[in-house]
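Chain by chain, the residues run as shown.
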Amino acid sequence: MATRTNFARLRRRYLGYPLEAALLYAIYGIFAVLPLDAASALGGWIGRTVGPRLGTSRKALRNIDRALPDATPERRKEILRGMWDNLGRVMAEYPHLDEVWRRTEMIGADSVLRMAKARTPTLFFSAHLANWELNTMGATRNGLPITAVYRRPNNPAVGRLIDHVRAVTGSRFVAKGRTGAREIMATLRDGDSVCMMIDQKMNDGIPVPFFGRDAMTAPAIAQLALRFDCPIVPVLTERLGGARFRLTVFPPMDVPKSGNRDADIRAMMARINAVVEEWVRARPEQWLWLHRRWPD
């Protein structure tokens, strides 16, 4: 059994990974030569045409059922198609991120400019809504250096392409894990800021309510806020139609400091999950429902 498993891993690494990368690079090249609006529209059409037929859509529908039990079956399918449309557009917009930013209305730029001038370490959080690559650009395009945390793809060639694409954001990206955690702490000590996506499941996280059910949630942002006395700032990206967006930087949230560290962390993560839930309820078609957010 072990030999068979090892063979499957080697086959994927030396055969599956190159094929996967070749396909992704070819698709990226097609979107790159198209104008932004055409690329976004084509990506959306591919997403909503192909995506609902994929097996992973069953997971997304199950998540929608759990989170929005009052939605009709027709509404759930509409949300699923909208999710795939948005995801297809996000993929198609990667080669055009600089132009996408120029089409983005930003609310809260003044507060970011003040942060950049003060060089006060700040923890931003966002979620996989609309085109989430814009989240850090609101900081970097207003003079605020920012480090973003991400999950490195298993396929190294895919990782290199994503690194190349994200270079235009002006952000520094660190992979999740022990090394990344040390870099994040060093960033905050140096007076710079960090952005985290906090809407994914973390198996060794803490159970925190999300859409009325406990979801395993990474508590790192609350832990860091307490350790470094940092403000926590929500950042929301919304797709307004086609390849037009609005980025909102909200006022800092109150960080509980009762003296009971564990209780404060749990309370802070409950507030953060409630904010993300509000965002998703407002625009459910724009959230990535594919994550295993709740225990089965």
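Residues numbered from 1 in each chain as written. Predicted model: local features only at pLDDT ≥ 70, side-chain atom pairs only at ≥ 80, totals over all residues. Heavy atoms only, no water.

Turning next to the packing of helix α10 (residues 220–228) against helix α11 (residues 261–282). The contact between α10 and α11 brings their axes to 9 Å, and the two run at 125°. Overall, the two elements α10 and α11 adopt an arrangement that is oblique. For the pair α10 and α11, the crossing hand works out as right-handed. Between α10, through I221, A222, Q223 and L226, and α11, the contact on the second element is made entirely by R261, D264, I265, M268, M269 and I272. Residue composition of the contact of α10 with α11, grouped by class: seven nonpolar, one polar and two charged. (Axes fitted to C-alpha atoms, helices over the stretch in contact; angles between N-to-C directions. Helix = DSSP H or I, 4+ residues; strand = E, 2+ residues; numbered from the N terminus. Parallel < 35°, antiparallel > 145°, perpendicular 65-115°, else oblique. Left-handed = near helix turned anticlockwise from the far one by under 90°. Contact = heavy atoms within 4.5 Å. Nonpolar A, V, L, I, M, F, W, Y, C, P; charged D, E, K, R; others polar.)

With that settled, the discussion passes to the pattern of salt bridges. One side chain can pair with another of opposite charge once the charged atoms of both are near each other. Applying the stated criterion across every chain yields a total of 17 salt bridges. A salt bridge links R89 to D85, with the nearest nitrogen and oxygen atoms 3.0 Å apart. Of the two residues, R89 and D85 are both situated in helix α4 (residues 73–93); the distance of four residues between them amounts to about one turn of the helix. The residue R281 makes a salt bridge to E277 at a minimum N-O spacing of 3.0 Å. Placement of both R281 and E277 in helix α11 is noted, with a separation of four residues, approximately one turn of the helix. Taking relative accessible area as the criterion, E277 reaches 17% and is therefore assigned buried. It is possible to trace a salt-bridge network through shared partners that takes in D37, E99 and R103. (Salt bridge = Lys/Arg side-chain N within 4 Å of Asp/Glu carboxyl O. Buried < 20%, exposed > 50% of the residue type's maximum accessible area, 1.4 Å probe, protein only.)

Another aspect to go through is the pairing of strand β5 (residues 193–197). Most of β5 sits out of view: five of its five residues are buried. Here β5 shows a buried face lined by S193, C195 and M197 and a second buried face lined by V194 and M196.

Below, the discussion takes up unusual backbone geometry. Positive phi, close to 50°, is recorded for A130, a residue that is not glycine. Within the secondary structure, A130 sits in the loop between β2 (123–126) and α7 (137–140). By relative accessible area, A130 is classed as buried at 0%. Its identity as a non-glycine residue notwithstanding, D229 has a phi of 55°, on the positive side. The exposure class of D229 is exposed, given its relative accessible area of 52%.

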